2 protein chains.
Amino acid sequence: MKIGIVGGTGDIGEGMAMRLSPLFDIIIGSREKEKAEAVCKCTLELCDVRGEKPCTVVGTSNQDAVTCADIIILAIPFKHLVSTLETLDCFEDKIVISPVNPMEKRNFFEFVPPSEGSAALLVQKLLPKSTRVCSAFNTIAANKWRALDEELAYSVPVCGDDADAKRQVMDIVNKVSKLQAFDGGPLAVSCMVESLTPLLLNIARYNKMRDVGIQFR
Amino acid sequence: MKIGIVGGTGDIGEGMAMRLSPLFDIIIGSREKEKAEAVCKCTLELCDVRGEKPCTVVGTSNQDAVTCADIIILAIPFKHLVSTLETLDCFEDKIVISPVNPMEKRNFFEFVPPSEGSAALLVQKLLPKSTRVCSAFNTIAANKWRALDEELAYSVPVCGDDADAKRQVMDIVNKVSKLQAFDGGPLAVSCMVESLTPLLLNIARYNKMRDVGIQFR
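Residues numbered from 1 in each chain as written. Chains lettered and ligands numbered in written order. Predicted model: local features only at pLDDT ≥ 70, side-chain atom pairs only at ≥ 80, totals over all residues. Heavy atoms only, no water.

## Some remarks on the overall build of chain A
Within chain A one finds nine helices and 11 strands. By the compact-globule yardstick of 17 Å for 217 residues, chain A fits well, its C-alpha radius of gyration being 16 Å. In terms of principal-axis extent, the alpha carbons of chain A reach across some 40 × 40 × 30 Å. Here chain A, with 217 residues, has 54% of them falling under the buried criterion. A distance of 6 Å separates the average location of the 25 positive side-chain charges in chain A from that of its 28 negative side-chain charges. (Helix = DSSP H or I, 4+ residues; strand = E, 2+ residues; numbered from the N terminus. Rg over C-alpha atoms; globule rule 2.2 N^0.38 Å. Buried < 20%, exposed > 50% of the residue type's maximum accessible area, 1.4 Å probe, protein only. Lys, Arg positive; Asp, Glu negative; His and termini not counted. Charge placed at Lys NZ, Arg CZ, Asp CG, Glu CD.)

Structure (structure tokens):
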């Protein structure tokens, strides 16, 4: 199973590539192929230093990351979501994971969903009908993805309308560090998951904490 | 400091009264005074059985619970929020805690906020300007309030626009079992807190769990 990371050289994407590359075949996508190749090289070096044996890691364009992967993670900020998806195709029959949170920093961090109700529902609308979209990884901070020496002991709600796709995404989540996947229900529940991230950013800000995550219990 | 519980004989209110009565002077309010007196008696008996010494506990009308208390908890379902507040007065200069979550059970549990954005903002709009509204306790399940032998090891975001009121509410939260209060920021953040509860109900439903709570970490 190959996982493509669209935006694999960004804040979240780079850490994801580092965490996932010892577990899965990873295709790091970027608008600039050279950046993807650099992150790929860095990821391989990190695996070497840490004595981990990566599966295959490739750095390439966002389009190639979509075309060559079975499962695609959209590691892009909400503000670039529509413009990025408009330039990409070949999503037919694939599984797409949206960790995207539509939010803005005003006086505090606000949840600002699109008219579809959530970023995940917008993704499903923009992509072909045969694409099976799930939301996952929404609340894992970029710094935590990158802090390879720390376990990720968090709960991860996974929402989606296709049971098989959701099961595959939950299996991926459960393989990463100590993340624990929870079935969040249909994709329409994603709005409640996406609004968690601005809440956690507010909690961090008003309590002088960093990179706050959640556990269900 | 006296805490009045409007709806103190309901699902949430009754458990709250039991948990809070050994810690604070409690005024249990109800639409039916007799019911409040019965819950008061039951609460006192429970304290006796458990060898706890309650502060004063009184069962009375919702109006008396407001009039005689310094801090008022609105332990009522969202659907009865407006009609209940319309019948009550004497909220001037008091602190009001809203644990209210506007949600509906359709195919799944949905967050259905009023046009103000959250139940807490609606409460602030309906009450006098001098009333200081905070949201708190939104995600603690009724069953957990009542399970007196279990510790409540959960995180509780507290939102509000008045720093002193928020500090007092956080102090109350931190005295209850192992609850840990977090400053959630201004009252406008309450929408993100209130939408947590339908999310947790979905998590419980789709993962065959009961009374799911959260911890920030």
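Having seen the model, we can carry on.
## Notes on the packing of aromatic side chains
Considering all chains together, one arrives at four aromatic pairs over all chains under this definition. Geometrically, the ring pair formed by F137 of chain A and W145 of chain A is edge-to-face, given 5.2 Å between the ring centres and 70° between the ring planes. Across the ring face of Y206 of chain B, the terminal group of K166 of chain A is positioned such that the distance to the ring centre comes to 5.9 Å. (Phe/Tyr/Trp six-rings, centres within 6.5 Å; stacked < 30°, edge-to-face > 60°. Lys NZ or Arg CZ within 6 Å of the ring centre and 35° of its normal.)

## Remarks on the relation of the copies chain A and chain B
The operation relating chain A to chain B is a screw motion whose rotation component is 180°, with 0.0 Å of axial translation and a residual RMSD of 0.0 Å. The transformation just described matches what one would write down for a two-fold rotation axis. Nearest to the rotation axis, the C-alpha of Q215 of chain A is located 2.6 Å from it, this being the minimum over chain A. (Least-squares fit on C-alpha atoms with pLDDT ≥ 70 in both.)

## Structural notes on helix α5 (residues 119–126) of chain B
All names here are of chain B. Taken together, the buried positions of α5 are occupied by A119, A120, L122 and V123. The buried side chains of α5 occupy one side of the element, clustering within an arc of 160° when seen end-on. Lining the buried residues of α5 we find β4 (71–74), α4 (81–86), β5 (95–98), β8 (132–135) and α8 (190–194). (Arc of directions from axis to C-beta. Contact = heavy atoms within 4.5 Å.)

## Re the packing of helix α1 (residues 11–20) of chain A against helix α2 (residues 33–49) of chain A
Angle between the axes and distance between the axes are the two parameters that describe a pair of packed helices. All names here are of chain A. The geometry of α1 relative to α2 is characterised by a closest axis approach of 9 Å and an angle of 40° between their N-to-C directions. In terms of orientation, α1 and α2 fall into the oblique class. With respect to the hand of their crossing, α1 and α2 are arranged in right-handed fashion. Contact with α1, carried on its side by E14, A17 and M18, involves V39, C42, T43 and L46 of α2 and no other residues of that element. (Axes fitted to C-alpha atoms, helices over the stretch in contact; angles between N-to-C directions. Parallel < 35°, antiparallel > 145°, perpendicular 65-115°, else oblique. Left-handed = near helix turned anticlockwise from the far one by under 90°.)

## Section: the pattern of salt bridges
Residue and element names in this part refer to chain B. If you walk through the whole model with that rule in mind, you get 22 salt bridges over all chains. A salt bridge links R146 to D11; the shortest N-O distance between them is 3.9 Å. Residue R146 is found in helix α6 (residues 142–146), and its partner D11 is found in helix α1 (residues 11–20); the two are separated by 135 residues along the sequence. On the accessibility criterion, R146 (33% relative accessible area) is partly exposed. What makes D11 exposed here is its relative accessible area of 54%. (Salt bridge = Lys/Arg side-chain N within 4 Å of Asp/Glu carboxyl O.)

## Things to note about α1 of chain B
Residue and element names in this part refer to chain B. Among the 10 residues in α1, seven count as buried, and that is most of the element. Listed in full, the buried residues belonging to α1 are G13, G15, M16, A17, M18, R19 and L20. As for α1, its buried residues are in contact with β1 (2–6), β2 (25–30), α2 (33–49), β4 and α6.

## A look at the interface of chain A and chain B
In this complex, chain A contributes 33 residues to the contact, which on the side of chain B involves 33 residues. Of the roughly 2,600 Å² buried between chain A and chain B on both sides combined, carbon and sulfur atoms contribute 72%. Of all residues in chain A, M192, L199 and R217 of chain A give up the largest surface area on contact with chain B, accounting jointly for 26% of the area buried on that side. Inspection of the chain A/chain B interface yields zero salt bridges. Elements with a minimum of two residues in the side of chain A that touches chain B: β7 (109–111), β10 (180–185), α8 (190–194), α9 (196–206) and β11 (214–216) of chain A. With seven residues, the single largest contributor to the side of chain A that touches chain B is α9 of chain A. Here the side of chain A that touches chain B is composed, by residue class, of 22 nonpolar, seven polar and four charged. The sheet contact formed by β11 of chain A and strand β11 (residues 214–216) of chain B spans three bridges and is antiparallel. Considered in β11 of chain B, the bridge of I214 of chain A is made with F216 of chain B. (Buried area = accessible area lost by both parts, 1.4 Å probe. Nonpolar A, V, L, I, M, F, W, Y, C, P; charged D, E, K, R; others polar. Pairing = 2+ DSSP bridges.)

## Quick word on the sheet that holds β1 of chain B
Residues and elements named next belong to chain B. The mixed open sheet is built from eight strands, whose spatial order is β3-β2-β1-β4-β5-β8-β9-β10. Edge positions in the open sheet fall to β3 (57–61) and β10 (180–185), since each of these has one partner strand only. Each strand of the sheet is rotated relative to its neighbour by a mean of 25°, with strand direction disregarded. The pairing of β1 with β4 spans four bridges and is parallel. Note on β4: the bridge partner recorded for I3 is I71. The strands that α1 touches are β1, β2 and β4; relative to β1, the one it contacts most, it runs at about 165°. Across the face of the sheet, helix α7 (residues 163–175) comes into contact with β1, β4, β5, β8, β9 (155–160) and β10 while running at roughly 155° to β10.

## Quick look at the environment of A163 of chain B
Topologically, A163 of chain B is positioned in helix α7. Along the backbone, A163 of chain B and P186 of chain B are 23 residues apart, and their C-alpha atoms lie at a distance of 9.1 Å.

## Structural notes on the confidence of the model for chain A
Across chain A, the average pLDDT comes to 96, with 100% of residues at 70 or higher. For this predicted complex, the interface score ipTM comes out at 0.96, alongside a pTM of 0.96. (pLDDT = per-residue confidence, 0-100.)

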